[in-house]
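Listed here are the chains, written in short residue letters.
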Amino acid sequence: MITQVEQLAQQYLDGEPAEISEDTMDEFCEWIMTEYQQLPLAVEASDFMRYDSAADMFADIEQDHLWESVESYDSDMYPSPFYGFALVAIHDYDHYLCQADFSLEGEMTAYQAIAQRAPSKKIQQILYSEIVLKSAAHLYLGHRPNSKVVFPESI
């Protein structure tokens, strides 16, 4: 019997990369900047820092600080690497607000929080790929998958 992690991972791994219009990418990047500017904590990039658990990350956030691993975000799809960095910080803060761990269920909970604020269906689809599908592929493979955006039919 195929698990939900396997099913979602296969959607990501087998899916064709989505084509994202320039207008959608502009809207997405503008929205990321607005969301990032509203974060109530200091976010720093690190070449070596990576949280082993959500509890460790939550402890830092409670001290108004968040480390983001440089390897945690991809710059290929964005016009600047900063947007990937900012999205990961926003997403991690949603983990904290929802008290959601790094399991697939936790990723889905954090996705629901951010999707409610997304300005369009296309941006919800990008977020679903970046948060839920990519996380499922990571959990399934045991390492980060090659980065791409996949638009599933189911959202």
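Counting from 1, residues in each chain are numbered in the order their sequence is written. With pLDDT at 70 or above as the cut-off, local features in this predicted model cover only qualifying residues; side-chain atom pairs require 80 or more to be listed or tallied, and sums for whole chains, interfaces and linings still use all residues. To get the side-chain values, all heavy atoms of the structure are used, and hydrogens and water are removed first.

*Asks:* Run through the overall build of the protein chain, naming residues and quoting values.
*Replies:* A run of DSSP states H or I qualifies as a helix once it reaches four residues; a run of E qualifies as a strand once it reaches two. Both are numbered from the N-terminal end. Each helix and strand in the protein chain was counted, giving 6 helices and 2 strands. Going residue by residue from the N terminus, the α and β elements of the protein chain occur as α-α-β-α-β-α-α-α. We call two residues in contact when some of their heavy atoms are within 4.5 Å. If you take every contact in the protein chain between residues at least 6 apart in sequence, the share linking residues at least 24 apart comes to 66%. Total accessible area computed for the protein chain in this model is approximately 8,300 Å², and 47% of it derives from carbon and sulfur atoms. In the protein chain, the 7 positive side-chain charges and the 28 negative ones have mean positions that sit 6 Å from each other. Surface exposure here means Shrake-Rupley accessible area, sampled with a 1.4 Å probe, where a residue is shielded only by the protein chains that are shown. Residues scored as positive are Lys and Arg, those scored as negative are Asp and Glu, and His as well as the terminal groups of each chain are ignored. Lysine's charge is taken at NZ, arginine's at CZ, aspartate's at CG and glutamate's at CD.

*Asks:* Residues and numbers for the nonpolar core, please.
*Replies:* Among the buried residues, those of types Ala, Val, Leu, Ile, Met, Phe, Trp, Tyr and Cys that are joined through side-chain atoms within 4.5 Å form a nonpolar core. Per-residue accessibility, obtained with a 1.4 Å probe over protein chains only, is compared with the maximum for each type, and a residue is labelled buried under 20%, exposed over 50%, and partly exposed between these values. Ranked by internal contacts, the top residues of the largest apolar core, which has 43 residues, are Phe28, Ile32 and Leu127. For this core, the elements supplying multiple residues, two or more each, are helix 1 (4-14), helix 2 (22-37), helix 3 (54-61), helix 4 (81-98), helix 5 (104-115) and helix 6 (121-141). Per-element accounting of this core gives the leading share, 9 residues, to helix 6. What Leu127 contacts, discounting residues up to four positions off in sequence, is Phe28, Trp31, Leu87, Tyr111, Ile114, Ala118 and Val132.

*Asks:* Outline a negative patch on the surface, listing residues and values.
*Replies:* Here the term patch refers to residues with relative accessible area over 30% and no salt bridge, with like charges joined within 9 Å and nonpolar side chains (Val, Leu, Ile, Met, Phe, Trp, Tyr) within 5 Å. Put simply, a salt bridge is a Lys or Arg side-chain nitrogen that is within 4 Å of an Asp or Glu carboxyl oxygen. A grouping of Glu22, Asp23, Asp26, Glu27 and Glu30 is seen on the molecular surface, where their side chains present a negatively charged patch. Examined against the element boundaries, Asp23 turns out to sit in helix 2.

*Asks:* Any details on the packing of aromatic side chains? Residues and values, ideally.
*Replies:* Stacked, edge-to-face and tilted are the three classes for Phe, Tyr and Trp ring pairs, Trp counted by its six-membered ring, which pair at centre distances within 6.5 Å; planes under 30 degrees apart are stacked, over 60 edge-to-face, the rest tilted. Under the criterion given, the structure shown has 9 aromatic pairs. Cluster of aromatic residues (ring-pair linked, three or more members): Tyr36, Phe82, Tyr83 and Phe85. For Lys148, the ring lying beneath its charged end belongs to Tyr12, and the centroid distance is 5.8 Å. In our convention, an over-ring charge means Lys NZ or Arg CZ found within 6 Å of a ring centre and within 35 degrees of that ring's normal.

*Asks:* Break down the pattern of salt bridges for me, with residues and values.
*Replies:* All chains considered together, the criterion is met by 3 salt bridges. With a shortest N-O distance of 2.7 Å, Arg117 and Glu35 are connected by a salt bridge. With Arg117 in the loop between helix 5 and helix 6 and Glu35 in helix 2, this pair connects stretches of sequence that are 82 residues apart. With a relative accessible area of 32%, Arg117 lands in the partly exposed category.

*Asks:* Can you explain the environment of Ala9? Please cite residues and give values.
*Replies:* Along the chain, the position of Ala9 falls in helix 1. Sequence separation between Ala9 and Leu141 is 132 residues, and the spatial gap between their C-alpha atoms is 8.4 Å. Excluding residues within four positions of it along the chain, Ala9 makes contact with Ala136, Ala137 and Tyr140.

*Asks:* Summarise the side chain of Glu68; cite the residues concerned and give the values.
*Replies:* Tracing the backbone shows Glu68 in strand 2 (residues 65-69). With no salt bridge to any partner, buried Glu68 finds its closest opposite charge in Arg50, at an N-O distance of 7.1 Å. Contact partners of Glu68, with chain neighbours within four places excluded, come to Val43, Glu44, Ala45, Ser46, Phe85, Val88, Ala89 and Asp92.

*Asks:* Pulling in residues and values, what's your account of the side chain of Asp92?
*Replies:* For Asp92, the location among the structural elements is in helix 4. Of the side chains with opposite charge, Arg50 comes closest to the buried, unpaired Asp92, at an N-O distance of 7.8 Å.

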